[in-house]
Amino acid sequence: EINKMKKKSIILIIFFLIVAYIFSAMYSFHQVHKSIYYNNKQISKIYIEWIEVRKNFKDFFNANLLNQMSNNKEFEGLGGLEILVTGFASKFMDMFIDTYINPEGLSLLIEETDKKSEIPEPNFLTLVGGISIMKFNSFNTFYVNLETNDEIIPIFFKRFGTKWKVVEIEFPEDIFNEIQ
């Protein structure tokens with residue numbers, strides 16, 4: 001009788017931990033949704049790991065910038081200056097990213113976008129429905145795919161204790177073509 005109670009207790013505890021684990025991910029994703037919908041900088045400071053997001057933006061843009069410049073015929077004739085121009089452009093991008101990839105920059109982007117009406121209002125259904133678009137990579141990471149303009153932009157979350165935070169936004173490779 002006592003062994004059955006112990007087994008039931010252990011199963012119940014494991015079940016509770018699994019539910020708490022999944023709910024913590026759903027809740028954090030929902031909080032990011034709320035921070036965007038309501039343009040709430042305080043929530044975005046809690047649920048977006050801005051230092052890591054900036055670092056990942058810099059890595060992405062610098063790698064693509066180097067690729068774009070090395071494949072650009074106009075820069076071939078510069079010889080050694082090509083490295084200097086690439087370095088200067090990279091530093092400029094770093095300053096740009098430091099200036100705009102933060103809660104205030106996100107807030108400004110949200111205010112300026114005409115897509116805000118397409119974002120559903122956060123409610124209990126969006127909280128629960130979030131699980132349907134979450135894809136777990138591991139015990140500590142998951143991502144959701146943001147679909148916009150026929151493109152898919154994965155947003156990666158990482159677990160920090162019981163909270164999950166956005167750590168990376170993976171932009172399409174052709175984003176530089178769209179900017180030019």
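Rules behind the numbers
Residues numbered from 1 in each chain as written. Predicted model: local features only at pLDDT ≥ 70, side-chain atom pairs only at ≥ 80, totals over all residues. Heavy atoms only, no water. Helix = DSSP H or I, 4+ residues; strand = E, 2+ residues; numbered from the N terminus. Contact = heavy atoms within 4.5 Å. Pairing = 2+ DSSP bridges. Axes fitted to C-alpha atoms, helices over the stretch in contact; angles between N-to-C directions. Core = buried A, V, L, I, M, F, W, Y, C linked by side-chain atoms within 4.5 Å. Buried < 20%, exposed > 50% of the residue type's maximum accessible area, 1.4 Å probe, protein only. Phe/Tyr/Trp six-rings, centres within 6.5 Å; stacked < 30°, edge-to-face > 60°. Expected span 1.5 Å × (residues − 1). Patch = residues over 30% accessible without salt bridge, like charges linked within 9 Å, V, L, I, M, F, W, Y side chains within 5 Å. Areas by Shrake-Rupley, 256 points an atom, 1.4 Å probe, with all protein chains shown as cover. Salt bridge = Lys/Arg side-chain N within 4 Å of Asp/Glu carboxyl O.

Undergrad: Mind laying out unusual backbone geometry, listing which residues take part and the relevant values?
TA: Of note in the backbone geometry, Asn39 takes a positive phi value of approximately 50° without being a glycine. Its location among the elements puts Asn39 in the loop between helix H1 (2-37) and helix H2 (41-47).

Undergrad: Requested: an account of the environment of Gly105, with residues and values cited.
TA: Position of Gly105 among the secondary structure elements: in helix H5 (residues 103-112). Between the alpha carbons of Gly105 and Lys41 there is a distance of 9.6 Å; along the sequence they are 64 residues apart.

Undergrad: Please give an account of the side chain of Ser44 that cites residues and values.
TA: Of note, Ser44 is situated in helix H2. Those residues within four positions of Ser44 in sequence are excluded, and the remaining contacts are Ser35, Trp50, Pro103 and Leu106.

Undergrad: Outline the sheet that holds strand E2 (residues 141-148), listing residues and values.
TA: The four strands lie next to each other as E1-E2-E3-E4, forming an open sheet whose pairing is antiparallel. Of all strands in the sheet, those bounded by a partner on one side alone are strand E1 (134-136) and strand E4 (163-169). Ignoring which end each strand starts from, the neighbouring axes of this sheet average 35° apart. Strand direction decides the pairing type here: E2 and strand E3 (residues 151-160), joined by eight bridges, are antiparallel. Note on E3: the bridge partner recorded for Thr141 is Lys158. In the packing of H1 onto the sheet, the strands contacted are E1, E2, E3 and E4, and the crossing angle to E4 comes to about 55°. Helix H3 (residues 50-70) rests against E3 and E4 of the sheet, and its axis sits at about 20° to E4.

Undergrad: An account of the nonpolar core is needed here, citing residue identities and associated values.
TA: Counting residues in each nonpolar core, the largest one holds 26 residues, and the members touching the most others are Met134, Phe142, Val144, Phe157 and Val166. If we skip the residues at most four places from it in the chain, Met134 touches Ala25, Met26, Phe29, Phe142, Tyr143 and Val144.

Undergrad: Help me get a handle on the pairing of E3, residues and values and all.
TA: If a strand is regular, its side chains alternate between the two faces of the sheet. Following E2, the chain reverses through two residues before pairing antiparallel with E3; Asn149 in that reversal takes a positive phi of roughly 50°. Sheet analysis places E3 next to E4, joined by six bridges and oriented antiparallel. Bridging across to E4, Ile155 finds its partner in Ile169. Here E3 folds back onto E4, and the loop between the two strands holds two residues, one of which, Gly161, carries a positive phi near 70°.

Undergrad: Mind laying out the packing of aromatic side chains, listing which residues take part and the relevant values?
TA: Taken as a whole and judged by the stated rule, the model has 15 aromatic pairs. For the pair Tyr27 and Tyr47, a centre-to-centre distance of 6.4 Å together with 75° between the ring planes defines the contact as edge-to-face. With Tyr27 in helix H1 and Tyr47 in helix H2, the pair connects residues that are 20 residues apart, well separated along the chain. By relative accessible area, which is 35% here, Tyr27 ends up partly exposed. Seen in terms of ring centroids, Phe136 and Phe142 are 5.3 Å apart; in terms of plane orientation they differ by 45°. Their pairing is tilted.

Undergrad: I'd like a description of H1, backed by residues and values.
TA: Under the 1.5 Å per step criterion, the end-to-end length of H1 is 51 Å for 36 residues, consistent within 8% with the ideal 52 Å. In the stretch just after H1, Asn39 is the one whose phi turns positive, near 50°.

Undergrad: Would you mind going over the pairing of E2 in detail, with residue names and values included?
TA: Of the strand pairs in this sheet, E1 and E2 are connected by three bridges, and their pairing is antiparallel. Paired with Phe136 across the two strands is Phe142, which belongs to E2. Between the end of E1 and the start of E2, which pair antiparallel, lie four residues.

Undergrad: Kindly report on a nonpolar patch on the surface, identifying the contributing residues and their values.
TA: A surface patch of nonpolar side chains, about 520 Å² in accessible area, is lined by Phe92, Met95, Phe96, Tyr100 and Leu108. When residues of the nonpolar patch are assigned to their parent elements, the largest contribution, four residues, is made by helix H4 (residues 81-100). For Phe96, the position within the fold is in helix H4. For Phe96, a relative accessible area of 39% gives the class partly exposed.

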